[in-house]
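# An overview of the molecular structure
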Amino acid sequence: MSTVPVESVWRLRQAIGDLRRAAERARADEVAADLRKMQAAADDLLTLLEDLPLRLSEAKGVEGRRALRHDLRTPINQVVGYCELILEETEDRGDGRWAPALAGILIDARDLLSQVDRLGIRALVVEPADEEREAQAAQSGGWVALSRPIEAGDRGRIRGTILVVDDNRSNRELLERRLRRDGFDVLTAEHGARALDVIAAHEIDVVLLDIMMPVMNGYQTLEKLKADPDLRHLPVIMLTSLDEAESIARCIERGAEDHLPRPFDPVLLRARIGASLERKRVRDREREFLERIVAEKRRADDLLHGVIPIGVALSAERDFNRLLERLLQEARHFCGADGGVLFLQQHDRLVHVQLQCASLSIAAGGAGEPVDMPSLDLKVQGGILRPAAKAALYGATVNLEDVHDGGGLDLSAVESFDRRHDYVTRSLIALPLRAVDGDVVGVLELWNATRATDEVVVPFDGGMVDVLESLSRLAGVALHSYHRENELRQRIAHLEIRIDEVNRRREVSQITETDYFRKLRDMAQKIRDSTETGVDR
Amino acid sequence: MAKIISIHSFRGGTGKSNTTANLAAYLASKGERVGVIDTDIQSPGLHVLFALDPSEVGKALNDFLWGRCPIEEAAYDVTSRLGGAVDGKVFLIPSSIRAGEITRVLRDGYDVSLLHDGLQALVRELQLDTLLVDTHPGLNEETLLSIAVSNALIVIMRPDQQDYQGTGVTIEVARSLDVPKIMLVVNKTPSSFDQDDVRRRVAETYDCDVAAVIPHSDELMTLASAGVFIMRHPKLPLSRIYRALGEVVRQC
């Protein structure tokens, strides 16, 4: 059984300390601060190594040995991580002063890591060699392009919010800094339970999840996420200090998207996050399309089973008042609108012909009580328009999600109605009713769409608007046909029996002023005189 | 006392033959002996309604008037072909196989009294209560002759056809001939019309009684062309209207 040479760690700490002092002297504060963290990590490792023989003897079973290995690797990983970060950051700034010393520290730290892995803990799988890792990375789709050296221009190309879940503060900080450098937004959590809170409150694109954590460990957190239908699709990348097949397999089985072995290779890190984000984007788009397809289908069904039969029924309705009443009723029914008004355009005015409001028990117009509201003048030039007038004049739907936003319209009539009836109009939609030739024959105005599930007033959404516009088209045609038929009926009913008296007299005289006719008349007269009352039988 | 009633329309297609056949059937159902003079045996008309094949038709009214044949040969008993049992009788008498023959009688120096005498003989021979004359459309001499000897004239018009002028002329001419009773029947009235309004307007326009306003129905027209309507469909509203019209004619 080999041991980790304490001297190597001391040398490493020494090298870090020398560099730190140099940085402090050079007033390179950021570099010095990171070197201090690296030094602290080296101190942690030294402390651990002092107790190593005792801890080795105490380590029970595979789990115990795993935990020990995890503890030993964590500070070394931090040294590697910070070292790489400083190298990248200083290189970006064109500051090459620290690179040679950092490169030496990095080589030593990696060497130390492999010594830890060579400790006689047989249950642990030796981490793959760098060449192997790169080969693995090259196989994973999507990040070949990212495997070249990081350039400033690449950063921020893949965007997203990443949640880092790790109980070790330094680990969190290191990862956060690295990810921010790569242009991601980062949130952190110190354990699984906290992570679930953060996920509930924020839009997270990828979760980087440590396995060994207090309160709620990585496996439990993963299970919770995958059991939630809303969160199931959130990609989770496991942070595996313990780079062993069994542990990775366990996470993948439970739905983890991928895993990242520590210490993090910056290229691999970005590649795996990038791939996860891409997959999420594809999945989100797929889901969005699916939802759209479902919505389209619902709309088509609504049209087929709802709107079209109603359109046909409206066209067949012979009683005009009933036609108007039904039109408003059916339109309200489709979007659960609490109330509405139906206007008919008569010359340059919109006349109220129907008024219905379920919660106020109002049903006026048609054969019943007339609607007691003044008609709207469409000729008024300038000024702001009422929603119905705008719908009529522009021949387009006016949809106010919130009446109180105004939308640059005259809502005095709505306010007055609300005041008079102690009512609150929130959402409002006005749709033009157009005949086949496109002429506006009326306007349908509906208020306060209500959600069927909880009767909460909602805006008239896209689906409702589509259905209402279809219904309005059918209704416009039905109204127009009715009018035309009615006009025809009236024209027939007003049938004028015109007789040209002059012509008639001329035609009569042409017949009566002939010898034949005179003879005929005389004979007829004689016959009548002789029989008086008819022909004897 | 027998009545001669001419049924006329200025234009064709007014339902004149149909009305005549139904009137005849109604009067027969009331026990009357009815003669129907069909002036238009050449084109489908009364004989179709009475299911009489033109090949069965030999002699005509003229042949009887000229003494060429006994009445039995010019009158065809169609009572059994009405489509139902009646107490009375219906005889179909084609006026002349050759159009215009009656008029020629006049031109050749015979006067209208000859026709009158002839018709009287017909009434007497067949012991008729009513003689219905289904006249030609328009106002030709033959039609004028029928109108001249009639006790009553029924003018049939359609409100949806522009024959108001002709109808007005017919009524005026009939008035000149002192026909004792002139009445209008408005047939094939579109169902969208207000029937009472039509009756009032037509009566006002022609200053003439309107004996019936008969609504139009495609369905009824299909049924009506297949026989005598009131016999086949006595319960339908149209039969009620025909019966009411028949009653007006009976009271003439």
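Everything in this summary refers to the structure shown in the same document. (Residues numbered from 1 in each chain as written. Chains lettered and ligands numbered in written order. Predicted model: local features only at pLDDT ≥ 70, side-chain atom pairs only at ≥ 80, totals over all residues. Heavy atoms only, no water.)

The strands that make up a sheet are held in pairs by hydrogen bonds between backbone atoms, and each pair lies either parallel or antiparallel. Residue and element names in this part refer to chain A. Spatially, 5 strands are ordered β2-β1-β3-β4-β5 in an open sheet, and the strand pairing comes out parallel. Of all strands in the sheet, those with a lone pairing partner are β2 (185-189) and β5 (258-261), marking the two edges. Between one strand axis and the next, the sheet turns through 25° on average, direction left out of account. Inspection of the sheet shows strand β1 (residues 161-165) paired to strand β3 (residues 206-210) by 4 bridges, in the parallel sense. Each residue of the ladder has a partner; that of V165, found in β3, is L209. (Pairing = 2+ DSSP bridges. Helix = DSSP H or I, 4+ residues; strand = E, 2+ residues; numbered from the N terminus. Axes fitted to C-alpha atoms, helices over the stretch in contact; angles between N-to-C directions.)

Here we come to the sheet that holds strand β1 (residues 3-8) of chain B. All names here are of chain B. Here 8 strands make up an open sheet; going across it, the order is β3-β4-β2-β5-β1-β6-β7-β8 and the pairing mixed. The open sheet is flanked by β3 (76-77) and β8 (209-215), the only strands paired with a single partner. Inspection of the sheet shows strand β2 (residues 33-38) paired to strand β5 (residues 130-134) by 5 bridges, in the parallel sense. Residue pairing for β5: V36 is matched across the bridge by L132. Along the sheet, helix α8 (residues 164-176) makes contact with β1, β6 (152-157) and β7 (181-189), crossing β6 at roughly 175°. (Contact = heavy atoms within 4.5 Å.)

Bringing the pairing of β6(B) into the picture now. All names here are of chain B. With 6 of 6 residues buried, β6 lies mostly within the body of the structure. Because side chains alternate across β6, one face comprises the buried residues A152, I154 and I156, and the other comprises L153, V155 and M157, equally buried. Summarising the sheet, β1 and β6 pair through 4 bridges and their orientation is parallel. For I5, the partnering residue across the bridge sits in β6 and is A152. Examined bridge by bridge, β6 and β7 share 6 bridges and lie parallel to one another. Across the sheet, I154 pairs through a bridge with M183, a residue of β7. (Buried < 20%, exposed > 50% of the residue type's maximum accessible area, 1.4 Å probe, protein only.)

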